[in-house]
Amino acid sequence: MPYRRLPNTDAARIRALETALNNEEFSNINNLPFSLNLRQKIEFFLPKFKTAIANSQCARDKQNKNSQKYGEFTKKAKLYISHFLQVLNFTIIRGELKPVARTFYGIDEHDTKLPPLVSDQDLLEWGAKIIAGEQERTRNGGGSPVYSPSIALVKVNYENFKQAYASQKQFQQNSARCSAEVAQYRGEADEYILTLWNEIEAHYADLEDEEIRRQKCEHFGLVYVFRKGE
């Protein structure tokens, strides 16, 4: 005997529900092989499920679209922050600034190593530190501004990254929320399909010919899989 294979994708779930609802052979609701109450529940449920899937796809598309821009801004922010700190060290080595200048940026005056700039939080933290530190140092007579890159260029690229980061976080949250909504509806869809297929099979249970019984059920969307050798 073949066994039923319930849908395991959203497209298959929608197809299973729509096949049963839109079957022309039983346009007369009095001849349905499943209950009218179940039909009404599915008719109310299906548009909500399809809308949730569409919203989830839209949220993912927006996240993916922003992701490329976010990656580019992240790369440039890391580049400018890193270069600024390298130039700061070179300026100290040349004697144009004293080692104590490093303290304005939250760095020990004898520390010549670059801070880690691996994560987004690293970039957010150190970008803010060097922007505030450069402004504080120059305002308090701590020497000439650092150039190539200037703090103005660092700030532009840092702000671009910061905005893209915030947008990406928002898109990720929206995508997660929409995915959770689809998952909730998905469980409900599976319950409807299981009930639907059980009622359809029960409706044709009195047919003696197994093949005809199976074909009748398949006509309403049931999927049967034959085992090896059947």
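Note that this is a predicted model, so its numbers are computed, not measured.

So, the nonpolar core
Here is step 1 of the chain: Counting residues in hydrophobic clusters, the biggest one holds 26 residues, and the most contacted among them are Leu17, Phe34, Ile42, Phe45, Phe49, Leu196 and Ile200.
Here is step 2 of the chain: Elements supplying a minimum of two residues to this core: helix H1 (10–21), helix H2 (36–93) and helix H4 (151–203).
Here is step 3 of the chain: A total of eight residues in this core trace back to one element, the largest contributor, which is H4.
Here is step 4 of the chain: When residues no more than four places from it in sequence are discounted, the contact partners of Leu17 are Ile42, Phe45, Leu46, Tyr192, Ile193 and Leu196.
Here is step 5 of the chain: Counting 25 residues, the second largest nonpolar core, distinct from the first, contains Leu85, Val146, Tyr158 and Ala164.

Comments concerning a negative patch on the surface
Here is step 1 of the chain: A cluster of acidic residues, Glu208, Asp209, Glu210 and Glu211, forms a negative patch at the surface.
Here is step 2 of the chain: As for its position among the elements, Glu208 is in the loop between H4 and helix H5 (210–219).

Considerations on empty space enclosed by the protein
The gaps of empty space that remain are located by a probe, the size of a water molecule, rolled over the atoms.
Here is step 1 of the chain: Taken as a whole and assessed by the stated rule, the structure comprises one cavity of 30 Å³ or more.
Here is step 2 of the chain: A volume near 40 Å³ is recorded for the largest cavity.
Here is step 3 of the chain: What lines the largest cavity is Leu85, Asn89, Arg102, Ile107, Asp111, Lys113, Leu114 and Pro115.

As for the side chain of Asp122
Here is step 1 of the chain: Here Asp122 shows up in helix H3 (residues 120–139).
Here is step 2 of the chain: Residues in contact with Asp122, not counting those within four places in the same chain, are Pro116 and Leu117.

A closer look at the packing of aromatic side chains
Here is step 1 of the chain: Scanning the entire structure with this criterion turns up five aromatic pairs.
Here is step 2 of the chain: Taken together, a centroid distance of 6.1 Å and an interplanar angle of 35° make the contact between Phe161 and Tyr165 tilted. Taken together, the residues span about one helical turn, with Phe161 and Tyr165 both in helix H4 at a distance of four residues.
Here is step 3 of the chain: Assessed through its relative accessible area of 14%, Tyr165 is described here as buried.
Here is step 4 of the chain: Pairwise contacts between aromatic rings join Phe45, Phe49, Tyr185 and Tyr192 into one cluster.
Here is step 5 of the chain: Its guanidinium or amino end placed over the ring of Trp126, Lys129 lies 4.2 Å from that ring's centre, counting from NZ or CZ.

What about the pattern of salt bridges?
Here is step 1 of the chain: Within the structure shown, the criterion is met by 12 salt bridges.
Here is step 2 of the chain: Ionic pairing is found between Arg94 and Glu96, a salt bridge with its closest N-O pair at 2.8 Å. Neither residue differs from the other here; Arg94 and Glu96 are each classed as exposed.
Here is step 3 of the chain: As a salt-bridge pair, Glu134 and Arg137 come within 2.9 Å of each other at their nearest N and O atoms. Of this pair, Glu134 and Arg137 both sit in helix H3, three residues apart, roughly one helical turn.
Here is step 4 of the chain: Here Glu134 falls in the buried class, since its relative accessible area comes to 2%.
Here is step 5 of the chain: Relative accessible area serves as the criterion here: at 0%, Arg137 is assigned to the buried category.
Here is step 6 of the chain: Three or more residues joined by partner-sharing salt bridges are found here, namely Asp10, Arg13, Arg186 and Asp190.

Reading the values: the criteria
Residues numbered from 1 in each chain as written. Predicted model: local features only at pLDDT ≥ 70, side-chain atom pairs only at ≥ 80, totals over all residues. Heavy atoms only, no water. Core = buried A, V, L, I, M, F, W, Y, C linked by side-chain atoms within 4.5 Å. Buried < 20%, exposed > 50% of the residue type's maximum accessible area, 1.4 Å probe, protein only. Helix = DSSP H or I, 4+ residues; strand = E, 2+ residues; numbered from the N terminus. Contact = heavy atoms within 4.5 Å. Patch = residues over 30% accessible without salt bridge, like charges linked within 9 Å, V, L, I, M, F, W, Y side chains within 5 Å. Areas by Shrake-Rupley, 256 points an atom, 1.4 Å probe, with all protein chains shown as cover. Salt bridge = Lys/Arg side-chain N within 4 Å of Asp/Glu carboxyl O. Lys, Arg positive; Asp, Glu negative; His and termini not counted. Charge placed at Lys NZ, Arg CZ, Asp CG, Glu CD. 1 Å grid on protein atoms, 1.4 Å probe; cavity = no way out; pocket = protein on both sides within 12 Å on 5 of 7 lines; lining within 4 Å. Points joined across faces, edges and corners; volume = space filled by probe spheres on them. Phe/Tyr/Trp six-rings, centres within 6.5 Å; stacked < 30°, edge-to-face > 60°. Lys NZ or Arg CZ within 6 Å of the ring centre and 35° of its normal.

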